Amino acid sequence: MASTNQSPFYQRAEEEFHKATTDEERIACLEIMMKEVPKHKSSENMRKNLTNRYKKLKSGLAKQKKAGKSSQQGIKKADMQCVLAGFPNVGKSTIFKTLTKLNPKISPHPFTTYKPQLGTFKHEDAPIQIIDIPSFPGHEKSLVNSTDTLLLVVDNIEQIKEAEKHTYRTKAKIILIFNKEDILSENEKRKIEATLKSKYKKLDYIFFSTKPTKDKLNKLTKKIFDTFPIIRIYTKEPKKAASKDPMIMKEKSTFKNAAEKILKGVSKKIKRARIWGPSSKFGGQVIGLEHVLKDKDIIEFQTK
Ligand SMILES: Nc1nc2c(ncn2[C@@H]2O[C@H](COP(=O)(O)OP(=O)(O)O)[C@@H](O)[C@H]2O)c(=O)[nH]1
Ligand SMILES: [Mg+2]
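The rules we used
Residues numbered from 1 in each chain as written. Chains lettered and ligands numbered in written order. Predicted model: local features only at pLDDT ≥ 70, side-chain atom pairs only at ≥ 80, totals over all residues. Helix = DSSP H or I, 4+ residues; strand = E, 2+ residues; numbered from the N terminus. Buried ≥ 20, exposed ≤ 12 C-beta atoms within 10 Å, placed from the backbone. Domains from an automatic or database assignment. Pairing = 2+ DSSP bridges. Axes fitted to C-alpha atoms, helices over the stretch in contact; angles between N-to-C directions. Contact = placed C-beta atoms within 7 Å.

Describing the environment of histidine 40
Thought 1: If you trace the backbone, histidine 40 turns up in the loop between α2 (23–36) and α3 (44–66).
Thought 2: Taking the C-beta count within 10 Å as the criterion, histidine 40 has 8 such neighbours and is therefore assigned exposed.
Thought 3: For the pair histidine 40 and lysine 197, spaced 157 residues apart in sequence, the C-alpha to C-alpha distance is 41 Å.

Here you go:
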């Protein structure tokens, strides 16, 4: 396969293809190569060649799967989910590792992340699911389009515009992570900020880099947490302390919604409910089923 005159994405994918150690990795590379190869007549043979290899690997993998050898797991969506997206080498996997303290493959080679890596981090006591996906253009479109919050990672201002053709269909809220702050001069940073404020007024952004301070890390996780339309509700039993782990509910949920979530059908049996926290007039206020909850409320109820 001659790779002269191919796009840089193609060339990198081809390099990675030769280094790949699993068929899943090879397939991911071929997908990029097939997308990147020119569609004109002179490259017809090349396209056929790629397609054949791709089909062979796919059917091999399907057989393995039938035999129960596959490790691919489905992704169960958590209450709060974000996806790291961006071009190769901008530092997505490094951010994933920083947040989750897991250990994905990090390398100076692009396309190191072949399949989605799942992890979780907490903002305060709220667990947030984070997914590291392959770089544009080999990313999981369905995840980019369907997640709650997209963490668009860039290390250069032009990438914001270029990313649009991969993100314009997303329903997610977008946070721009301008990464590798450590290698920006004050002057470069000022210019970038000026551009962000003039050209991308509505884009929520944060500068970031490896080894963030505690403050910086908290600023990032708070930014992410604030994009989710949820509230945290704690439950307690009479005379006992409130639960440590919050229940995650939609914004504007009522006490009835919370009670139903705890024990289906229980709301009919509720004798008396009390509340502490932001939505209460005073601690221990007695409430009815339609009481609207706020983040960090604590509820207590007794059943008949
Ligand atoms: N200077 C600098 N380099 C970084 C930073 N984050 C990641 N890198 C480097 O950028 C390269 C690509 O990182 P990686 O996380 O694999 O990028 P990905 O392809 O977007 O997942 C690696 O060599 C990292 O060490 C950062 O904040 N500052
Ligand atoms: Mg990566």
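There is more to say, and it comes next.
Re the domain arrangement of the protein chain
One widely used convention gives an interface's size as the accessible area the parts lose upon coming together.
Thought 1: Along its sequence, the protein chain is carved into domain 1 (8–66), domain 2 (81–226) and domain 3 (231–303).
Thought 2: Each of domain 1 and domain 3 has a C-alpha centre, and these two points are 54 Å apart.

Regarding the sheet that holds strand β6 (residues 204–207)
Thought 1: What the six strands build is an open sheet, ordered β2-β3-β1-β4-β5-β6; its pairing is mixed. Both outer strands of the open sheet, β2 (117–123) and β6, are each paired with one neighbouring strand and no more. Between one strand axis and the next, the sheet turns by 25° as a mean value, whatever way the strands run.
Thought 2: Judged from the four bridges that link them, strand β5 (residues 173–178) and β6 form a sheet pairing that is parallel. Within the sheet, the bridge partner assigned to leucine 176 lies in β6 and is tyrosine 205.

Side note on the sheet that holds strand β9 (residues 270–276)
Thought 1: Taking strand neighbours across the sheet as the criterion, the five strands line up as β8-β7-β11-β9-β10 in an open arrangement whose pairing is mixed. The sheet terminates laterally at β8 (247–250) and β10 (285–287), the two strands that pair on one side only. Across this sheet, the average inter-strand angle for adjacent strands is 40°, counted without regard to direction.
Thought 2: Helix α9 (residues 255–262) rests against β7 (230–236), β8, β9, β10 and β11 (297–303) of the sheet, and its axis sits at about 135° to β8.

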